[in-house]
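# Residue-level structural notes
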Amino acid sequence: MENKNVVVYTSSSCHYCHLLKDYLNEKNISFDEKNIDQDPEARSFLIKNKIMGVPATYIDDEQIIGFDKARLDKALGL
């Protein structure tokens, strides 16, 4: 499997964010987490791009909002 650049925008209280991170860890997918509760730049990035919910996942150039296993698997080549 080729290496993908995976960035996950989360918040501490988001249940689906925790599910997404657990899922990626189970699949041995490394990712960079940007917690919008602790990272003002990450929060500003989402607001600037009119994304009002988390998790927001970027896999290379693809954006996936929410915890969508089918889209995640396809984007990751699983």
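Presented here is an overview of the structure given in this document. Worth saying up front: this structure is predicted, and the values here are computed from it rather than measured.

Procedures and definitions
- Residues numbered from 1 in each chain as written.
- Predicted model: local features only at pLDDT ≥ 70, side-chain atom pairs only at ≥ 80, totals over all residues.
- Heavy atoms only, no water.
- Disulfide = S-S within 2.5 Å.
- Buried < 20%, exposed > 50% of the residue type's maximum accessible area, 1.4 Å probe, protein only.
- Helix = DSSP H or I, 4+ residues; strand = E, 2+ residues; numbered from the N terminus.
- Contact = heavy atoms within 4.5 Å.
- Axes fitted to C-alpha atoms, helices over the stretch in contact; angles between N-to-C directions.
- Left-handed = near helix turned anticlockwise from the far one by under 90°.
- Nonpolar A, V, L, I, M, F, W, Y, C, P; charged D, E, K, R; others polar.
- Phe/Tyr/Trp six-rings, centres within 6.5 Å; stacked < 30°, edge-to-face > 60°.

## Looking at the state of the cysteines
Per the stated rule, a full pass over the model turns up 1 disulfide. Shown here is the disulfide that connects C14 with C17, its sulfur atoms set 2.5 Å apart. Its S-S torsion of approximately 85° makes the covalent link between C14 and C17 right-handed. This pair shows no difference in class: C14 is buried, exactly as C17 is.

## Things to note about the side chain of T10
Relative to the helices and strands, T10 resides in strand 1 (residues 6-10). For T10, a relative accessible area of 0% translates into the label buried. Setting aside residues up to four positions removed in sequence, T10 forms contacts with C17, K21, E33, K34, N35, I36, D37 and V54.

## Remarks on the packing of helix 1 (residues 15-26) against helix 3 (residues 69-76)
Helix-helix packing is characterised by the crossing angle of the two axes and by the distance between the axes. Here helix 1 crosses helix 3 at 40°, and the two axes come no closer than 12 Å. By crossing handedness, the relation of helix 1 to helix 3 is classed as right-handed. Contact residues: helix 1 offers L20, Y23 and L24, while helix 3 offers K69, L72, D73 and L76. Of the residues in the contact of helix 1 with helix 3, the class split is 5 nonpolar, no polar and 2 charged.

## Considerations on the packing of aromatic side chains
The final tally for this structure, using the stated rule, is 4 aromatic pairs. Considering the side-chain rings of Y9 and Y58, the 5.8 Å spacing of their centres and the 80° angle between planes classify their relative orientation as edge-to-face. Of the two residues, Y9 is situated in strand 1 and Y58 in strand 3 (residues 56-59); the sequence distance between them amounts to 49 residues. On the basis of relative accessible area, Y9 is assigned to the buried category, the value being 7%. Among the residues examined, Y58 registers a relative accessible area of 15% and is labelled buried. Each residue in the set Y9, F45 and Y58 is aromatic and connected to the rest through ring pairs, giving one cluster.

Everything listed here is a matter of coordinates, which is why it stays silent on function.
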